[in-house]
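For reference, the chains in residue letters:
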Amino acid sequence: MKVSVLSFIFQVLLIILFGVLVKYDPKQAGGFKEGESHDASEEGILRYPVFQDVHVMIFVGFGFLMTFLKKYGFSAVGYNFFLSALAIQWYIIIAGCIEHRGTTGFSINLDISKLITADFSAAAVLITFGVVLGKVSRLQLFIICILEILMFAVNEFVLLEELKIADAGGSLVIHCFGCYFGLAVSFMLRNINNNDNPKEASVYHSDIFAMIGTLFLWMYWPSFNSALVLNPNDQQRTVINTYLSLVACCVTTFALSAFVNGERKLNMVHVQNATLAGGVAIGTVANMIVQPWGALLIGTLAGIISVLGYNYVTPFLNDSLKIHDTCGVNNLHGMPALLAGVAGIICSRLASLDTYHDSLTNVFEAREHRTRAKQSVYQLVAVVVTLAISIASGLITGFIVRQKIFDPPRPDQLYDDESYWEMPDATDESLKEGVNEELMKTMAEDKV
Amino acid sequence: MKVSVLSFIFQVLLIILFGVLVKYDPKQAGGFKEGESHDASEEGILRYPVFQDVHVMIFVGFGFLMTFLKKYGFSAVGYNFFLSALAIQWYIIIAGCIEHRGTTGFSINLDISKLITADFSAAAVLITFGVVLGKVSRLQLFIICILEILMFAVNEFVLLEELKIADAGGSLVIHCFGCYFGLAVSFMLRNINNNDNPKEASVYHSDIFAMIGTLFLWMYWPSFNSALVLNPNDQQRTVINTYLSLVACCVTTFALSAFVNGERKLNMVHVQNATLAGGVAIGTVANMIVQPWGALLIGTLAGIISVLGYNYVTPFLNDSLKIHDTCGVNNLHGMPALLAGVAGIICSRLASLDTYHDSLTNVFEAREHRTRAKQSVYQLVAVVVTLAISIASGLITGFIVRQKIFDPPRPDQLYDDESYWEMPDATDESLKEGVNEELMKTMAEDKV
Amino acid sequence: MKVSVLSFIFQVLLIILFGVLVKYDPKQAGGFKEGESHDASEEGILRYPVFQDVHVMIFVGFGFLMTFLKKYGFSAVGYNFFLSALAIQWYIIIAGCIEHRGTTGFSINLDISKLITADFSAAAVLITFGVVLGKVSRLQLFIICILEILMFAVNEFVLLEELKIADAGGSLVIHCFGCYFGLAVSFMLRNINNNDNPKEASVYHSDIFAMIGTLFLWMYWPSFNSALVLNPNDQQRTVINTYLSLVACCVTTFALSAFVNGERKLNMVHVQNATLAGGVAIGTVANMIVQPWGALLIGTLAGIISVLGYNYVTPFLNDSLKIHDTCGVNNLHGMPALLAGVAGIICSRLASLDTYHDSLTNVFEAREHRTRAKQSVYQLVAVVVTLAISIASGLITGFIVRQKIFDPPRPDQLYDDESYWEMPDATDESLKEGVNEELMKTMAEDKV
């Protein structure tokens with residue numbers, strides 16, 4: 001009820017804020033006068049297919065990836081939908097205000113690149129959602145979304161505009177931020193966590209639903225990492241690097257998954273998640289000249305880190321630090337993003353004009369006036385800043401949302417759609433019939 | 001049996017008709033002579049990704065959206081596939097004949113734009129399919145498809161070629177037509193409807209399957225609305241408007257869904273359907289300069305109308321007018337399309353050269369010689385014409401298909417794949433085993 | 001265990017091989033020097049959306065198509081993922097070595113076209129996987145993948161570089177090769193096949209999962225066939241031909257499926273598979289001027305062949321030749337590919353400069369110096385060569401992998417994830433609860 005009213009009011013507020021602040025990019029507002037060039041806009045339309053790929057990752061990719069829980073599928077795919085639609089609108093306002101800070105009477109201009117960055121901001125919120133999946137109410141998620149977008153936009157501004165670091169695929173800006181913000185929130189919610197909950201498990205078909213999410217994320221990740229890379233050559237290189245990192249990560253995950261298991265069986269959690277770590281880990285350096293073998297190496301390392309993370313780090317975080325992470329986001333987004341950060345530090349240190357030619361300032365905008373040594377220090381600073389901002393703001397957010405007023409779920413409501421959704425009959429009619437026939441038959445025999 | 005023979009003969013007939021009437025667009029037939037320009041054709045290939053998005057909406061979007069019924073999933077996704085493939089071929093012939101009416105020896109030239117319009121025609125048939133889902137045989141659907149495409153092409157011709165109205169996203173041409181045609185058919189079938197059928201319900205996983213359809217429709221709707229918008233600037237504006245309308249509609253739907261429910265629970269029917277109303281409602285004005293806030297407003301209104309429609313209008317139509325609407329198509333396509341019609345009347349009245357510059361005649365072809373007041377009257381006429389043609393032809397079609405010769409289903413065959421498909425064993429083997437173990441254990445305890 | 005260690009070692013080996021042999025295409029390595037043209041590279045980015053469509057076909061299309069088995073969904077979608085990621089890397093090395101045979105110090109240059117051909121090679125392996133689905137271990141699949149890619153690349157080289165045949169959609173190179181290689185492997189595994197296995201069946205929802213695969217394959221097939229067609233006009237013609245062949249094949253499949261069934265019911269196996277035969281059958285001639293009616297005719301024939309194949313040929317192969325084909329790959333890929341081969345022979349015989357103009361040498365590279373009669377003979381030779389290489393190498397591969405060392409599954413492990421994957425609890429909790437309530441109630445009544 002509270003969340004219904006609140007989100008409706010917020011939507012009305014957004015219409016007003018858009019009315020005051022947001023316009024089309026001048027090119028779309030009334031088209032060109034005759035004789036003017038259409039080039040920039042055609043550029044936008046060339047970028048459109050890549051935008052759509054990212055869009056699929058946000059809504060189907062993240063949405064279905066989280067349907068693995070047996071009784072939480074409606075919430076997983078539904079809240080994912082709601083949060084993204086909310087984050088997108090809110091981010092456009094916040095990021096626009098930050099961009100035009102200190103000026104008055106500005107207007108935020110929308111073009112397709114803005115839609116891409118808005119989708120990216122939603123990704124950060126969804127990563128956080130993965131940490132707290134099943135453990136918070138929709139009202140809590142609403143608050144988390146509003147606060148996280150605010151701090152996400154601040155961190156993004158610091159990294160890209162102030163520190164001018166390279167982070168093509170947003171490993172730091174998106175994945176690192178979203179993960180550690182979420183883990184910090186989860187730490188603050190530690191008292192209401194409910195471990196060993198039998199509902200925190202999958203069933204056969206929910207695991208297959210989750211694979212829809214996994215595969216769309218995996219396939220379109222080259223679009224994610226290259227969506228905002230402008231030069232066509234750099235863009236192709238970004239695609240190739242991401243593609244290679246992902247295939248290596250997939251093979252590695254399958255190799256290790258059965259290896260770390262006592263019975264030598266594969267684990268769907270690894271297949272659903274660790275296979276994607278290659279996309280995160282290559283993110284920061286995706287447009288750099290790491291060479292094909294370098295991309296494979298990064299993907300392989302990401303697969304190793306991620307599988308081992310599911311086996312050893314997640315239990316440790318849960319048992320020792322009381323940080324419960326439903327989707328194992330630390331293994332898919334967190335540690336691979338730190339790997340990406342390290343790769344960024346190394347690769348920016350190595351990047352010379354001889355190797356990069358024209359691409360150098362495409363990739364490292366600040367190399368116009370910075371040495372490569374200095375650039376690599378900035379890349380390191382960016383990691384530290386992101387961790388600091390995400391963890392601090394996550395702790396505060398967690399403190400806020402754990403208040404009773406935000407309707408935290410009771411223990412029996414955890415990982416369960418039941419309290420929040422009108423449910424269809426619990427069992428499939430045909431199934432019950434089949435079972436009853438069985439029952440009757442067995443009972444009949446019993447009586448004889 | 002009848003439908004098998006009939007559709008095979010029809011397919012052979014289509015081959016013959018294509019042989020006589022249809023050619024490649026001259027550019028694809030033998031390529032260019034040396035020195036000729038390739039521009040127009042490159043245009044076509046630029047449009048290809050957008051075509052593919054529309055294609056996904058038709059086959060996966062509509063197909064999976066309708067899998068929500070627990071025992072009708074094969075028919076939902078299967079008939080959707082069959083009807084679309086049929087409609088596409090038939091529309092190419094019919095629309096080509098209308099285009100070249102009055103001439104002889106003409107040939108219909110195929111290029112990618114034609115494939116897009118053919119996919120659009122299938123959408124209208126699928127909207128109608130949504131109304132009658134589970135209540136008609138495949139033979140009835142075959143007849144509905146053939147007749148509907150005929151009248152769809154007539155209505156489309158009247159609106160776009162005679163009245164020269166603006167309707168970029170086809171809210172009137174496609175959504176309004178398909179919906180009211182379907183409701184009229186359903187009205188004629190009222191005697192064979194079977195209310196309170198326990199099979200007209202979902203199960204947990206069928207609702208998640210339906211979300212696949214919802215999300216692909218939702219994500220690719222900007223492609224749907226912009227697929228035939230030619231100028232890159234106008235195309236970007238169309239994308240932005242549609243995107244914004246959809247995110248606002250999504251948030252609004254979630255806000256209202258729990259609000260209108262007695263227990264404050266979310267309803268999957270709303271999430272699956274009402275979230276999409278924003279795409280329909282922005283359709284007619286999607287390429288107009290409505291400003292970002294205008295797009296959000298339209299999306300918000302569409303969400304409100306659609307959720308309230310599911311709660312109040314659908315029961316009213318069913319109880320009072322005996323119009324049963326399985327998917328609630330009136331709430332997703334019908335009323336939002338009327339909202340789009342109204343928005344079109346208003347926005348065309350406001351459209352001045354000062355605001356639109358070059359885009360004016362892109363958006364409103366007839367503004368070369370019409371005043372804006374006159375254009376807005378034509379937009380109104382288009383709504384009336386579409387309602388008239390769709391309802392009249394729907395009533396006639398409904399009268400035809402309800403005849404015994406077209407195999408209407410018996411009451412026990414409603415909403416059930418059983419009579420029409422070879423079925424796998426009713427229950428999952430592993431499930432039965434698990435249950436039997438339970439059973440044995442409980443019985444053992446019972447005896448003690 | 002063996003396969004885990006082996007695939008990890010192989011992944012490390014691939015990193016080393018890539019380090020020695022593979023570079024970015026010079027355009028991506030350091031960008032252009034100032035003043036150089038970017039055209040070729042922009043071409044690459046135009047091709048990117050088509051690449052992504054192919055990518056979806058490989059991972060979601062093939063992956064989900066094979067989830068139809070009730071207890072083998074994890075393996076279907078999981079091994080599909082693993083095998084593709086493996087094949088892609090290995091093919092890049094093998095094809096590059098063949099391309100540069102006889103030279104030393106070469107480097108393999110990666111661009112987006114290479115990624116497309118790598119994805120294509122994975123398709124051949126996945127077709128073979130369809131034949132042996134459920135009957136081999138992951139270790140056996142690993143070996144099959146490594147050996148098949150080797151021979152695939154040889155056959156591809158012979159057809160495209162030596163015989164210089166036209167095969168735009170890879171009907172011979174990919175579909176024919178993958179199918180007959182797989183059938184030959186299956187023939188060698190005939191002793192361990194287990195017919196009439198109750199696990200070789202679907203359940204209701206697994207059949208709907210499979211439709212996800214079917215539809216993504218079907219929708220994106222125009223991208224598959226046109227992915228490597230360079231000229232925009234030829235590319236559009238390829239799209240149109242493939243689109244038309246597929247819609248005709250879909251309608252035909254629905255017409256025949258119920259017709260060949262005793263009870264006049266539709267069969268999901270046909271809908272899932274035979275609808276796709278049109279994409280294979282048009283493949284070789286997809287970029288030729290077959291005219292729209294010709295495309296419809298080919299699609300219709302493909303649908304007929306495929307449905308009849310499922311009804312008559314598959315049982316014959318199984319009973320008489322002891323070739324078991326889990327997915328009926330012979331009906332979807334094998335026979336339609338032979339139809340494509342015949343169409344290629346006929347169409348190349350008819351292809352004149354008068355009809356094709358500029359397109360002639362785009363489509364038939366060798367027509368610079370060959371007559372059309374000669375070209376059609378080469379097309380025939382290509383079919384024979386492909387059959388010979390695929391069957392011979394398939395037999396050898398089958399002989400190798402049936403050795404005990406490669407862990408062939410025991411009879412009880414066939415078509416079953418259980419031995420290879422950590423499984424969730426067999427039954428859905430909510431389902432068991434529902435059933436237990438039923439049980440209690442029935443028992444209570446029983447005692448009275």
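Residues numbered from 1 in each chain as written. Chains lettered and ligands numbered in written order. Predicted model: local features only at pLDDT ≥ 70, side-chain atom pairs only at ≥ 80, totals over all residues. Heavy atoms only, no water.

- Looking at an unreviewed UniProt entry, one finds chain A named Ammonium transporter Rh type A-like and attributed to Paramuricea clavata.
- Recorded in UniProt for chain A, the comment headed Sequence similarities (unreviewed entry) runs: "Belongs to the ammonium transporter (TC 2.A.49) family. Rh subfamily." (UniProt positions renumbered as here; feature names shortened; annotations may be inferred.)

What about the overall build of chain A?
Piece 1. What chain A contains, in helices and strands, is 16 helices and two strands.
Piece 2. Taken against the 2.2 N^0.38 rule, which gives 22 Å for 448 residues, the C-alpha radius of gyration of chain A at 23 Å falls within 12% of a compact globule.
Piece 3. Taking the principal axes of its C-alpha atoms as reference, chain A extends roughly 90 × 50 × 45 Å.
Piece 4. For chain A, the share of sequence-separated contacts (at least 6 apart) that also reach a separation of at least 24 residues comes to 82%.
Piece 5. Accessible surface, chain A as shown: approximately 14,000 Å² in total, 62% of it carbon and sulfur. (Helix = DSSP H or I, 4+ residues; strand = E, 2+ residues; numbered from the N terminus. Rg over C-alpha atoms; globule rule 2.2 N^0.38 Å. Contact = heavy atoms within 4.5 Å. Areas by Shrake-Rupley, 256 points an atom, 1.4 Å probe, with all protein chains shown as cover.)

Quick word on the interface of chain A and chain B
Piece 1. On the chain B side, the residues contacting the 85 residues of chain A number 78 residues.
Piece 2. Approximately 7,000 Å² of surface area, both sides summed, lies buried where chain A meets chain B, with 72% of it carried by carbon and sulfur atoms.
Piece 3. When the buried surface of chain A facing chain B is broken down by residue, Tyr-24, Phe-81 and Glu-422 of chain A rank first, second and third, together holding 11% of it.
Piece 4. The interface formed by chain A and chain B includes zero salt bridges.
Piece 5. Among the secondary structure elements, those contributing two or more residues to the side of chain A that touches chain B are α1 (2-21), β1 (22-24), α2 (39-65), α3 (73-99), α4 (112-132), α7 (204-226) and α16 (429-447) of chain A.
Piece 6. It is α2 of chain A that contributes the most residues to the side of chain A that touches chain B, 14 residues altogether.
Piece 7. For the side of chain A that touches chain B, the class distribution of residues is 46 nonpolar, 22 polar and 17 charged. (Buried area = accessible area lost by both parts, 1.4 Å probe. Salt bridge = Lys/Arg side-chain N within 4 Å of Asp/Glu carboxyl O. Nonpolar A, V, L, I, M, F, W, Y, C, P; charged D, E, K, R; others polar.)

Examining unusual backbone geometry
Residues and elements named next belong to chain B.
Piece 1. The backbone phi angle of Gln-291 is positive, close to 70 degrees, even though this residue is not glycine.
Piece 2. Summarising the element assignment, Gln-291 is placed in helix α11 (residues 291-320).
Piece 3. Using a relative accessible area of 22% as the deciding quantity, one classes Gln-291 as partly exposed. (Buried < 20%, exposed > 50% of the residue type's maximum accessible area, 1.4 Å probe, protein only.)

Describing the interface of chain B and chain C
Many authors give the size of an interface as the accessible area that is lost as the parts come together.
Piece 1. With 85 residues of chain B in contact, the opposing surface of chain C contributes 78 residues.
Piece 2. Taking both sides of the interface into account, the surface hidden between chain B and chain C amounts to around 7,000 Å²; carbon and sulfur atoms contribute 72%.
Piece 3. Among the residues chain B hides against chain C, the three largest losses belong to Tyr-24, Phe-81 and Glu-422 of chain B. Together they make up 11% of the total.
Piece 4. At the boundary of chain B and chain C, one finds zero salt bridges.
Piece 5. Our count for the chain B to chain C interface comes out at 18 residue pairs in polar contact (both at pLDDT 80 or more).
Piece 6. Considering every element that reaches the side of chain B that touches chain C, the biggest residue donor is helix α2 (residues 39-65) of chain B, with 14 residues.
Piece 7. Tallied by class, residues from the side of chain B that touches chain C come to 46 nonpolar, 22 polar and 17 charged. (Polar contact = N/O pair within 3.5 Å; in protein donor to acceptor, adjacent residues only side chain to side chain.)

What about the relation of the copies chain B and chain C?
Mapping between the two chain copies consists of a rotation about an axis together with a translation along that axis.
Piece 1. Superposing chain B onto chain C takes a rotation of 120 degrees combined with a translation of 0.0 Å along the rotation axis, leaving an RMSD of 0.0 Å. This pairing of chains is accounted for by a three-fold axis. Every residue of chain B has its C-alpha some distance from the rotation axis, and the shortest such distance is that of Pro-49 of chain B, at 3.7 Å.
Piece 2. Little of the interface of chain B is mirrored in chain C: 19% of its interface residues are interface residues there too. (Least-squares fit on C-alpha atoms with pLDDT ≥ 70 in both.)

Points about a nonpolar patch on the surface
Piece 1. Judged by side-chain polarity, Met-1, Val-5 and Ile-9 of chain A together with Phe-259 of chain B come together as a nonpolar surface patch covering roughly 340 Å² of accessible area.
Piece 2. Mapped onto the fold, Phe-259 of chain B is located in helix α8 (residues 232-260). (Patch = residues over 30% accessible without salt bridge, like charges linked within 9 Å, V, L, I, M, F, W, Y side chains within 5 Å.)

With respect to the pattern of salt bridges
Piece 1. Evaluation of the coordinates by the stated rule reveals 21 salt bridges over all chains.
Piece 2. Here Arg-410 of chain B ties to Asp-412 of chain B by a salt bridge, and the two come within 3.1 Å at their closest N and O atoms.
Piece 3. The exposure class of Arg-410 of chain B is partly exposed, given its relative accessible area of 46%.
Piece 4. Its relative accessible area of 44% is what places Asp-412 of chain B among the partly exposed residues.
Piece 5. With a shortest N-O distance of 3.0 Å, Asp-234 of chain C and Arg-237 of chain C are connected by a salt bridge. Remark: Arg-237 of chain C and Asp-234 of chain C occur in helix α9 (residues 232-260); sequence separation between them is three residues, near one turn of the helix.

A closer look at the nonpolar core
Piece 1. The biggest cluster of nonpolar side chains holds 471 residues, and the ones touching the most others in it are Phe-64 and Phe-216 of chain A, Phe-64 and Phe-216 of chain B together with Phe-64, Ile-212 and Phe-216 of chain C.
Piece 2. Beyond its immediate chain neighbours, meaning those up to four positions away, Ile-212 of chain C contacts Ile-212 of chain A, Phe-64, Phe-209 and Ile-212 of chain B together with Val-60 and Phe-64 of chain C. (Core = buried A, V, L, I, M, F, W, Y, C linked by side-chain atoms within 4.5 Å.)

Some points on the packing of aromatic side chains
Piece 1. Taken as a whole and judged by the stated rule, the model has 72 aromatic pairs over all chains.
Piece 2. Relative to Phe-177 of chain A, the ring of Phe-152 of chain A has its centre 6.0 Å away and its plane inclined at 75 degrees; by these criteria the two rings are edge-to-face. Of this pair, Phe-152 of chain A sits in helix α5 (residues 138-162) while Phe-177 of chain A is found in helix α6 (residues 171-188), placing the two residues 25 residues apart along the sequence.
Piece 3. Phe-152 of chain A sits in the buried class, given a relative accessible area of 1%.
Piece 4. Taken together, a centroid distance of 6.0 Å and an interplanar angle of 85 degrees make the contact between Phe-59 of chain C and Phe-81 of chain C edge-to-face. Within this pair, whereas Phe-59 of chain C is found in helix α3 (residues 48-65), its partner Phe-81 of chain C is found in helix α4 (residues 73-99), the two being separated by 22 residues in sequence.
Piece 5. Residue class for Phe-59 of chain C comes out buried when judged on its relative accessible area of 0%.
Piece 6. A relative accessible area of 0% places Phe-81 of chain C in the buried class.
Piece 7. Among the aromatic residues, those joined into a cluster by ring pairs are Phe-59, Phe-74, Tyr-79, Phe-81, Phe-82, Phe-129 and Trp-421 of chain A together with Tyr-204, Trp-218 and Phe-254 of chain B.
Piece 8. Above the plane of the ring of Phe-187 of chain A lies Arg-190 of chain A, whose end atom (NZ or CZ) is 4.2 Å from the centre. (Phe/Tyr/Trp six-rings, centres within 6.5 Å; stacked < 30°, edge-to-face > 60°. Lys NZ or Arg CZ within 6 Å of the ring centre and 35° of its normal.)

As for the packing of helix α1 (residues 2-21) of chain C against helix α6 (residues 138-162) of chain C
All names here are of chain C.
Piece 1. Contact pair α1 / α6: the axes reach a minimum separation of 9 Å and the direction vectors enclose 30 degrees. Considering the angle they form, α1 stands roughly parallel to α6. You can see that α1 and α6 cross each other, and the crossing is left-handed. Contacts between α1 and α6 involve Lys-2, Val-3, Ser-4, Leu-6, Ser-7 and Phe-10 from the former and Arg-138, Leu-139, Phe-142, Ile-143 and Ile-146 from the latter.
Piece 2. Grouping the amino acids of the contact of α1 with α6 by side-chain chemistry returns seven nonpolar, two polar and two charged. (Axes fitted to C-alpha atoms, helices over the stretch in contact; angles between N-to-C directions. Parallel < 35°, antiparallel > 145°, perpendicular 65-115°, else oblique. Left-handed = near helix turned anticlockwise from the far one by under 90°.)

Remarks on the side chain of Gln-413 of chain B
All names here are of chain B.
Piece 1. Its location among the elements puts Gln-413 in the loop between α15 (372-401) and α16 (429-447).
Piece 2. One polar contact links Gln-413 to Ser-419, side chain to side chain, over a distance of 3.4 Å.
Piece 3. Not counting the four nearest positions on each side in its chain, Gln-413 is found in contact with Ser-419 and Tyr-420.

Re the confidence of the model for chain A
Residue and element names in this part refer to chain A.
Piece 1. Per-residue pLDDT for chain A has a mean of 91; in total, 91% of the residues score no lower than 70.
Piece 2. For the stretch residues 428-448, pLDDT sits under 50, and the model shows 31 contacts to residues farther than four places along the chain or on other chains.
Piece 3. This prediction of the complex comes with two scores: 0.94 for pTM and 0.93 for ipTM. (pLDDT = per-residue confidence, 0-100.)

Some details on α6 of chain A
Residue and element names in this part refer to chain A.
Piece 1. With 18 residues, α6 should reach 26 Å at 1.5 Å per residue; the first-to-last C-alpha distance of 24 Å fits that figure.
Piece 2. Of all the bends found along α6, the most pronounced is centred on Phe-177 and spans about 25 degrees.
Piece 3. Within α6, 17 of the 18 residues are buried, which leaves it mostly tucked inside the rest of the structure. (Expected span 1.5 Å × (residues − 1). Bend = angle between axes of the 7 residues up to and from the residue.)

Some remarks on helix α4 (residues 112-132) of chain B
Residues and elements named next belong to chain B.
Piece 1. The end-to-end C-alpha distance of α4 is 31 Å, a good match for the 30 Å that 21 residues give at a rise of 1.5 Å each.
Piece 2. Counting buried positions along α4 gives 19 out of 21 residues, so the element sits mostly inside the fold.
Piece 3. Near the N-terminus of α4, the side chain that reaches the backbone nitrogen of Ser-113, with its oxygen 3.3 Å away, is that of Asp-111.
Piece 4. A positive backbone phi angle near 85 degrees is found at Gly-134, which sits one or two residues after α4.

A closer look at the packing of helix α5 (residues 112-132) of chain C against helix α7 (residues 171-188) of chain C
Helices that pack against each other are described as a pair by the angle of their axes relative to one another and the distance between those axes.
Residue and element names in this part refer to chain C.
Piece 1. α7 packs onto α5 with a crossing angle of 35 degrees between their chain directions and a minimal axis gap of 8 Å. Crossing handedness for the pair α5 and α7: right-handed. Counting all contacts with α5, which are made through Phe-120, Ala-123, Ala-124, Ile-127, Thr-128, Val-131 and Val-132, the residues of α7 involved are Ile-174, His-175, Gly-178, Cys-179, Phe-181, Gly-182, Leu-183, Val-185 and Ser-186.
Piece 2. For the contact of α5 with α7, the per-class residue count stands at 11 nonpolar, five polar and no charged.

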